[in-house]
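The lines below spell out each chain.
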Amino acid sequence: MQHQAHTLVRTFFALSDPTRRGILERLAGGPATIGELAEPFGLTLNGVKKHVGILEEVELVMTTKIGRSRQCRLGLAELQDVTRWVDSYRRALERRLEGFGDYVESRTAGDG
């Protein structure tokens, strides 16, 4: 459980930044070099390398050195821990909303 919690923290941290999410969206369309990723964000190569490094740590991105450039592609992370956490939170929220709906219905039925 401790490992899962640590993985969740690192993954949510990686996904919390809009630039890193943008990098993932770009890579969903196919591989790109660090330079190609930097261009639309107006970032330096070192800035993009830092973002890519954070995404690599949680296996959302994989890089390969090809000649003098570094090719990036989506990683192999399955995000199962994140999916399980989101699903359990959603189920808990739905139960609370159902209880609130039942409460509102019982109060409304008593008025009529």
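First things first, this report covers the structure right here in the doc. It should be emphasised that the depicted structure is a prediction, and the values quoted were computed from it without experimental measurement. (Residues numbered from 1 in each chain as written. Predicted model: local features only at pLDDT ≥ 70, side-chain atom pairs only at ≥ 80, totals over all residues. Heavy atoms only, no water.)

This part covers the overall build of the chain. Secondary structure assignment for the chain yields five helices and three strands. Listing each helix as α and each strand as β along the chain from the N terminus yields α-α-β-α-α-β-β-α. Relative to the globule expectation of 13 Å for 112 residues, the C-alpha radius of gyration of the chain, 21 Å, shows a markedly less compact shape. Each principal axis of the C-alpha atoms in the chain carries an extent, and together these give about 75 × 35 × 20 Å. (Helix = DSSP H or I, 4+ residues; strand = E, 2+ residues; numbered from the N terminus. Rg over C-alpha atoms; globule rule 2.2 N^0.38 Å.)

Glancing now at helix H2 (residues 18–27). Considered for burial, the residues of H2 that qualify are Thr19, Arg20, Gly22, Ile23, Leu24 and Leu27. Between the side-chain oxygen of the N-cap and the backbone nitrogen of Thr19 there are 2.8 Å, and the N-cap of H2 in question is Asp17. (Buried < 20%, exposed > 50% of the residue type's maximum accessible area, 1.4 Å probe, protein only. Polar contact = N/O pair within 3.5 Å; in protein donor to acceptor, adjacent residues only side chain to side chain.)

The next point concerns the nonpolar core. Ranked by internal contacts, the top residues of the largest apolar core, which has 15 residues, are Leu37 and Val52. Listed by contribution, the elements that provide at least two residues to this core are H2, helix H3 (34–41) and helix H4 (45–57). (Core = buried A, V, L, I, M, F, W, Y, C linked by side-chain atoms within 4.5 Å.)

The next subject is H4. Counted at 1.5 Å a residue, the expected span for H4 with its 13 residues is 18 Å, and the 18 Å between its end C-alpha atoms agrees. Two residues or fewer after H4 comes Glu59, characterised by a positive phi angle close to 60°. (Expected span 1.5 Å × (residues − 1).)

With six bridges joining them, strand E2 (residues 61–66) and strand E3 (residues 69–74) adopt antiparallel strand pairing. The residue bridging Val61 from the neighbouring strand is Leu74, located in E3. Where E2 folds back on E3, the antiparallel hairpin that results is connected by two residues, among which Gly67 adopts a positive phi of roughly 65°. (Pairing = 2+ DSSP bridges.)

Attention shifts here to the packing of aromatic side chains. Two numbers describe a pair of aromatic rings. These are the distance of the centres and the angle of the planes. One pass over the structure, following the stated rule, counts two aromatic pairs. Plain terms: the ring middles of Trp85 and Tyr89 are 5.5 Å apart, the flat faces sit at 5° to each other, and that makes the pair stacked. With a gap of four residues between them, Trp85 and Tyr89 both fall in helix H5 (residues 80–111), about one helical turn apart. A connected cluster of aromatic rings, assembled from ring pairs, spans Phe12, Trp85 and Tyr89. It is Arg20 that lies over the ring of Phe13; its NZ or CZ is 4.9 Å from the centre. (Phe/Tyr/Trp six-rings, centres within 6.5 Å; stacked < 30°, edge-to-face > 60°. Lys NZ or Arg CZ within 6 Å of the ring centre and 35° of its normal.)

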